[in-house]
Amino acid sequence: MAVQNIYILGIESSCDDTAAAVLHNGKILSNVIATQEVHKKYGGVVPELASRAHQQNIVPVIHEALSRAGIKKEDLSAIAFTRGPGLMGSLLVGTSFAKSLSLGLKIPLLEVNHMQAHILAHFIEEEEYNKPEFPFLALTISGGHTQIVKVNDYFKMEVIGETLDDAVGEAFDKSAKILGLPYPGGPLVDKYAQTGNPKAFPFPKPKVDGLNFSFSGLKTSILYFVQKQLKENPKFIEENIEDICASIQHTIIGILMDKLKKAVKQTGIRQIAIGGGVSANSGIRRTLKEAEAKHQWKTFIPKFEYTTDNAAMIAIAGHYKYLSEDFANMGITARARYKF
Ligand code: KG4
Ligand code: ZN
C-alpha cells in the first residue's frame, strides 16, 4: 500500500490564544501561537476582547503556520478546529474560519473537543516519547477544567471525576491575584514556590466525595489567611512570597494526588497522563515522577509546548478523526459547553 501523506491544519481559538499548527502524518511541521496580551491589565480574560483579538490574529497565524511548515494551503488534507468547550465568541471565530477554508479548498472538516485534544496531545509523533497505551487515566488540569478521564480509545473517554466549582488553574490564578501577582498567576506561583517552604503555612484540603474536586474553599481560606496576616504585618506578602506560594502549590498538588491515587485504586489502571496548562507546573511534574517509583505508576508528561493551549493538539485529534473518516458537516456550530 502506498504511504499516505496526511497534512492536517489545526485551529484553536477557545479562549485567549489564537493558534494554528500543521501536522504531517502525526508529526509537527509548525505550531504557532499568538497569545493575547490585552487581558493582562484586567486580571483575567475579557471575552469580548478575546473574540476581537482572534479576528485580528487568525489569518496571520494560519499564514505563519503554513509558511513555517513549508507547504501551501492546497497541500492540506483536512482542517481541524476546536468546536468547544470555551468562550462562545472566541470559538465562533475559529469555527467560521475553519468552515470557510474547508469549503474553499474542498477538503474535509474535522471538529475537535478541546479537552479531548489536551489528552490526545500525547499521541503527537515525537522521537524519544513513549505514548500511553489504552486504557489509561488522564488528569486534565487547565484554567477552565479539572478532570480525571478514563481513556479507553482515542475518542472513547469517560469523565470519572471533575471539579464542582473552580478549575485548578483558577485556584492558582485567583490565589496569585490575592497576592497581587499579575494574570495568569499560575506560572509565577510555580516560580516563587521553587525556593519556598511548602509546609510553612498549612491550608485545609476540601472534603469532596468520590473523584470530584473543589477548589473554591481553598481560595477563600487563602484570602482570609492573607488578610489576617496583613493586619499584623503589612509587609507579610513581600516578606513571605516564596513560602506562601510553595504552601499553596503544595496544597493543590496534594488535592490532585489524593484523587489520582483513589482513581488508580478504583480502576486498577496505573498509567497516568497529564494535560492542560497546569501540567506545565514543575511541582506537579516532579510529584508525578516521584509517584512512578513510589506507587509503580507509569506517567506521561507532555512537552511544555503541548501543555498550554495550542493547535498541535487540535491537529493530532483531527488526524485520528481523519483516519476514521469522522468528518463534520457544514451545519456544525460551536459549543461553549461541550461534554464528551
Ligand atoms: O490549558 P490552558 O493554557 O488554558 C485553558 O484551557 O484554560 O491553561 C491555562 C492555565 C492558567 O490558569 C495558568 O495559570 C495555568 O494554566 N498555568 C500554570 C502554569 N503554567 C500555566 N499553573 C501552575 N503552574 C504553571 N507552571
Ligand atoms: Zn486548554
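Here the structure is a predicted model, which means the values were calculated and not measured.

**Description of the overall build of the chain**
Part 1: A tally of helices and strands in the chain yields nine helices and 10 strands.
Part 2: In terms of overall size, the chain behaves like a compact globule, its C-alpha atoms giving a radius of gyration of 20 Å where 340 residues would be expected to give roughly 20 Å.
Part 3: Counting only C-alpha atoms, the chain reaches 70 × 45 × 35 Å along its principal axes.
Part 4: Counting all 340 residues of the chain, 53% fall into the buried class.
Part 5: A total of about 15,600 Å² of accessible surface is found on the chain, and carbon and sulfur atoms cover 52% of it.

**With respect to the domain arrangement of the chain**
Part 1: Assigned domains within the chain: domain 1 (7-124 + 307-323) and domain 2 (136-302).
Part 2: Just the C-alpha atoms count here: the centres of domain 1 and domain 2 sit 27 Å apart.
Part 3: In this complex, domain 1 contributes 18 residues to the contact, which on the side of domain 2 involves 23 residues.
Part 4: Buried surface at the junction of domain 1 and domain 2, both sides included, amounts to about 1,800 Å², of which 76% is carbon and sulfur.
Part 5: Taken as a group, Ile 119, His 122 and Thr 307 account for 34% of the area that domain 1 buries against domain 2, more than any other trio of residues on that side.
Part 6: Between the two partners, domain 1 and domain 2, sit zero salt bridges.
Part 7: Applying the counting rule to domain 1 against domain 2 returns three residue pairs in polar contact (both at pLDDT 80 or more).
Part 8: Elements with a minimum of two residues in the side of domain 1 that touches domain 2: helix H3 (114-120) and helix H9 (312-323).
Part 9: When the residues that make up the side of domain 1 that touches domain 2 are grouped by side-chain class, the tally is eight nonpolar, seven polar and three charged.

**Section: the nonpolar core**
Part 1: With 44 residues, the main nonpolar core has Leu 179, Ile 252 and Leu 256 as its most contacted residues.
Part 2: Within the residue set of this core, elements represented by two or more residues are strand E6 (136-141), helix H4 (168-178), helix H5 (186-193), helix H6 (216-232), helix H7 (236-267), strand E9 (271-275) and helix H8 (282-295).
Part 3: By residue number, the principal contributor to this core is H7, which donates 15 residues.
Part 4: Among residues more than four places away in sequence, those in contact with Ile 252 are Val 168, Ala 171, Phe 172, Phe 215 and Leu 218.

**Notes on the site of ligand 1**
Part 1: Neighbouring ligand 1 are 19 residues, the closest being Gly 143, Asp 173, Asp 190, Gly 277 and Asn 281.
Part 2: In the model, an oxygen atom of ligand 1 is placed 2.6 Å from a nitrogen or oxygen of the Asp 173 side chain.
Part 3: Here an oxygen atom of ligand 1 sits 2.9 Å away from a polar atom, N or O, in the main chain of Gly 277.
Part 4: In isolation ligand 1 exposes 550 Å². Once the protein is present, 89% of that is buried.
Part 5: At the level of elements, H3, H4 and H5 are the ones that each hand at least two residues to the shell around ligand 1.
Part 6: Here the shell around ligand 1 is built from residues that sort into five nonpolar, 11 polar and three charged.
Part 7: Summarising the domain contributions, the shell around ligand 1 has at least three residues from each of domain 1 (7-124 + 307-323) and domain 2 (136-302).

**With respect to the packing of aromatic side chains**
Part 1: Counted according to the given criterion, the structure contains 13 aromatic pairs.
Part 2: When the centroid spacing of 5.5 Å and the interplanar angle of 20 degrees are considered together, the rings of Phe 123 and Phe 134 count as stacked. Of this pair, Phe 123 sits in the loop between H3 and E6 while Phe 134 sits in the loop between H3 and E6, and the two are 11 residues apart along the sequence.
Part 3: By relative accessible area, Phe 123 is classed as buried at 3%.

**A look at the packing of H7 against H8**
Part 1: Running from N to C, H7 and H8 point in directions that differ by 40 degrees, and their axes come no closer than 11 Å. Between H7 and H8, the angle is such that the two are oblique. Judged by the twist between their axes, the crossing of H7 over H8 is right-handed. Within the contact between the two elements, H7 uses Gln 249, Ile 253, Leu 256, Met 257, Leu 260 and Lys 261 and H8 uses Gly 283, Ile 284, Thr 287, Leu 288, Ala 291 and His 295.
Part 2: Residue composition of the contact of H7 with H8, grouped by class: seven nonpolar, four polar and one charged.

**Considerations on the coordination of the zinc ion (ligand 2)**
Part 1: Protein ligation of the zinc ion (ligand 2) involves His 114 (NE2), His 118 (NE2) and Asp 309 (OD), the donor distances falling in the range 2.1 to 2.2 Å.
Part 2: Considering all four donor atoms around the zinc ion (ligand 2), the spread of angles at the metal, 91 to 154 degrees, places the coordination shape in the irregular class.
Part 3: Spacing between the donor residues of the zinc ion (ligand 2) along their common chain follows H-x3-H-x190-D. Of this pair, His 114 and His 118 both sit in helix H3, four residues apart, which is roughly one turn of the helix.

**Some words on the sheet that holds strand E10 (residues 298-300)**
Part 1: An order of E8-E7-E6-E9-E10 is seen for the five strands of this open sheet, with the pairing classed as mixed. On the outer flanks of this sheet lie strand E8 (156-162) and E10, each paired with one strand and no other. Looking at each pair of strands side by side, their axes are set apart by 25 degrees on average, direction ignored.
Part 2: Across the sheet, H7 touches E6, strand E7 (146-153), E8 and E9, and the angle it forms with E6 is around 160 degrees.

Reading guide: rules and limits
Residues numbered from 1 in each chain as written. Chains lettered and ligands numbered in written order. Predicted model: local features only at pLDDT ≥ 70, side-chain atom pairs only at ≥ 80, totals over all residues. Heavy atoms only, no water. Helix = DSSP H or I, 4+ residues; strand = E, 2+ residues; numbered from the N terminus. Rg over C-alpha atoms; globule rule 2.2 N^0.38 Å. Buried < 20%, exposed > 50% of the residue type's maximum accessible area, 1.4 Å probe, protein only. Areas by Shrake-Rupley, 256 points an atom, 1.4 Å probe, with all protein chains shown as cover. Domains from an automatic or database assignment. Contact = heavy atoms within 4.5 Å. Buried area = accessible area lost by both parts, 1.4 Å probe. Salt bridge = Lys/Arg side-chain N within 4 Å of Asp/Glu carboxyl O. Polar contact = N/O pair within 3.5 Å; in protein donor to acceptor, adjacent residues only side chain to side chain. Nonpolar A, V, L, I, M, F, W, Y, C, P; charged D, E, K, R; others polar. Core = buried A, V, L, I, M, F, W, Y, C linked by side-chain atoms within 4.5 Å. Near = heavy atom within 4 Å. Phe/Tyr/Trp six-rings, centres within 6.5 Å; stacked < 30°, edge-to-face > 60°. Axes fitted to C-alpha atoms, helices over the stretch in contact; angles between N-to-C directions. Parallel < 35°, antiparallel > 145°, perpendicular 65-115°, else oblique. Left-handed = near helix turned anticlockwise from the far one by under 90°. Donors = N, O, S within 2.8 Å, 3.2 Å for Na, K, Ca; no water. Tetrahedral: all angles 85-135°; square planar, octahedral: opposite > 155°, others 65-115°. Pairing = 2+ DSSP bridges.

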